[in-house]
Amino acid sequence: LLSVWGYGAICGVVALESAGLPLPGETLLIGAAVYARLTGAMDIGGVIAAAAFGAILGDNLGYWIGRRYGVGFLERHGARIGLGPEKFRLSQYLFYKWGGAVVFSGRFITLLRIFAALLAGANRLPLKLFMIYNAAGGVVWSSLFGFGAYYMTAGFEQMEGGVARFAFGALLAALFMLWRYYRRHEARLMQEADALFATRAAQKDAQI
């Protein structure tokens, strides 16, 4: 894919993932950085620029789709793309509390990266705020993973097999711990979201 389509493949896949399609944008970015380091066929600066541009472009498209079709569409069809009622309610709560920070940090979380822009549009996050955090997230994400994979590859070339295997095992353990941490906080945030929406529903009933 990279040898035939080059930077266009990186930009296109990352853009489509950011717009809401479950494609391996981050995997392709990392693979392209490793490919650039090992073969010299691609420039790492070009890889990062293509990924950043694709991320920003795709997120803007996703934001427009979310804003155009709104909350109702996601409530009806969200379960088909892995965004069931609980996940959607959690997203509403996160945008209610943190807004732009969710757009920025969502770039680094696999599932949220696919849905962040759609949810930002659906939850009516102000466009100017979205564009600032979206651009910052795209640039930081592409630079971190692009340069990280590029220089990690250079480092692993100098390691002996045993050290490399130990480092890989430590990386897997760290990822597992991060996943457990996320799962624990997800449950707590869901409880907070339920409490918030229950309070707001009660306030509306009282007004009626």
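Residues numbered from 1 in each chain as written. Predicted model: local features only at pLDDT ≥ 70, side-chain atom pairs only at ≥ 80, totals over all residues. Heavy atoms only, no water.

1. Quick look at the nonpolar core
The condition that has to hold: To define a nonpolar core, start from buried Ala, Val, Leu, Ile, Met, Phe, Trp, Tyr and Cys residues and group those joined through side-chain atoms within 4.5 Å. Burial classification: accessible surface area is computed with a 1.4 Å probe over protein chains only, and a residue below 20% of its type maximum counts as buried, one above 50% as exposed, and the rest as partly exposed. Strands are runs of DSSP state E lasting at least 2 residues, helices are runs of H or I lasting at least 4, and numbering of each runs from the N terminus. Whether two residues are in contact is decided by their heavy atoms: any pair within 4.5 Å suffices.
With 20 residues, the main nonpolar core has Leu2, Ile10, Met42, Ile44, Val47 and Trp141 as its most contacted residues. Only α2 (7-18), α3 (25-39), α4 (44-77) and α8 (127-157) provide two or more residues apiece to this core. Setting aside anything within four residues of it in sequence, one finds Trp141 in contact with Val14, Glu26, Leu29, Ala51, Ala55, Arg107, Phe108, Arg113 and Gly146. Among the nonpolar cores identified, the runner-up in size contains 17 residues, and Tyr63, Ala117, Leu119 and Met190 belong to it.

2. Describing the pattern of salt bridges
The test is simple: By convention in these notes, a salt bridge is any Lys or Arg side-chain nitrogen within 4 Å of a carboxyl oxygen on Asp or Glu.
Inspection of every chain in the model, using the stated rule, returns one salt bridge. For Arg107, the salt bridge goes to Asp59, with nearest N and O atoms at 2.7 Å. Placement of the pair is Arg107 in the loop between α6 (100-106) and α7 (110-122) and Asp59 in helix α4, with a sequence separation of 48 residues. A relative accessible area of 3% means that Arg107 is categorised as buried.

3. Observations regarding the confidence of the model for the chain
Detailed reading of the predicted coordinates is not advisable wherever pLDDT is low. Applicable threshold: Here pLDDT means the predictor's own confidence in every residue, given as a number from 0 to 100.
Summing up the model confidence of the chain, the mean pLDDT is 79 and the portion of residues at 70 or higher is 73%. By mean pLDDT, the top-scoring element of the chain is α2 (93), and the lowest-scoring one is helix α9 (residues 161-207) (66).

4. Some words on a nonpolar patch on the surface
Threshold: Only residues above 30% relative accessible area that lack a salt bridge enter a patch, with like-charged residues linked at up to 9 Å and the nonpolar side chains Val, Leu, Ile, Met, Phe, Trp and Tyr linked at up to 5 Å. Surface exposure here means Shrake-Rupley accessible area, sampled with a 1.4 Å probe, where a residue is shielded only by the protein chains that are shown.
A surface patch of nonpolar side chains, about 400 Å² in accessible area, is lined by Leu1, Val4 and Trp5. Structurally, Leu1 is set in the segment before α1 (2-5). The exposure class assigned to Leu1 is exposed, which follows from its relative accessible area of 58%.

5. Examining α2
Our working rule: Helices are assigned an expected span. That span is 1.5 Å times one less than the residue count.
Helix length check: α2 (twelve residues) gives 17 Å between terminal C-alpha atoms against 16 Å at 1.5 Å per residue, within 8%. Listed as buried for α2 are Ala9, Ile10, Cys11, Val13, Val14, Ala15, Glu17 and Ser18.

6. A word on α3
What counts is decided by this rule: Relevant arc is that of directions from the helix axis to the C-beta atoms, nothing else.
Taking 1.5 Å per residue as the helical rise, α3 with its 15 residues ought to reach 21 Å, and the 21 Å between its terminal C-alpha atoms agrees with that figure. Gly25, Glu26, Leu28, Leu29, Ala32, Ala33 and Ala36 are the residues of α3 that are buried. Each buried residue of α3 sits inside an arc of 165° when the element is viewed along its axis, so together they form one side. Residues of α3 that are exposed and point over 90 degrees away from its buried face: Thr27 and Leu38.

7. Quick notes on the packing of α2 against α3
Test applied: Every axis in this analysis is a line fitted to C-alpha atoms, fitted for helices over the stretch in contact. Angles between the N-to-C directions lie between 0 and 180 degrees. Any angle that is under 35 degrees is reported as roughly parallel, and any over 145 degrees as roughly antiparallel; angles of 65 to 115 degrees are reported as roughly perpendicular and all others as oblique. By convention, the crossing between two helices is left-handed when the near helix turns anticlockwise from the far helix through less than a right angle, and right-handed when the turn is clockwise. Just so you know the grouping, Ala, Val, Leu, Ile, Met, Phe, Trp, Tyr, Cys and Pro go in nonpolar, Asp, Glu, Lys and Arg go in charged, and all remaining residues, Gly too, go in polar.
Interaxial distance between α2 and α3 falls to 8 Å at its minimum, and their mutual angle equals 155°. By the angle between their axes, α2 is roughly antiparallel relative to α3. Considering the relative orientation of α2 and α3, their crossing is left-handed. Contacts from Ala9, Ile10, Val13, Val14 and Glu17 of α2 reach α3 at Gly25, Glu26, Leu28 and Ala32. When the residues that make up the contact of α2 with α3 are grouped by side-chain class, the tally is six nonpolar, one polar and two charged.

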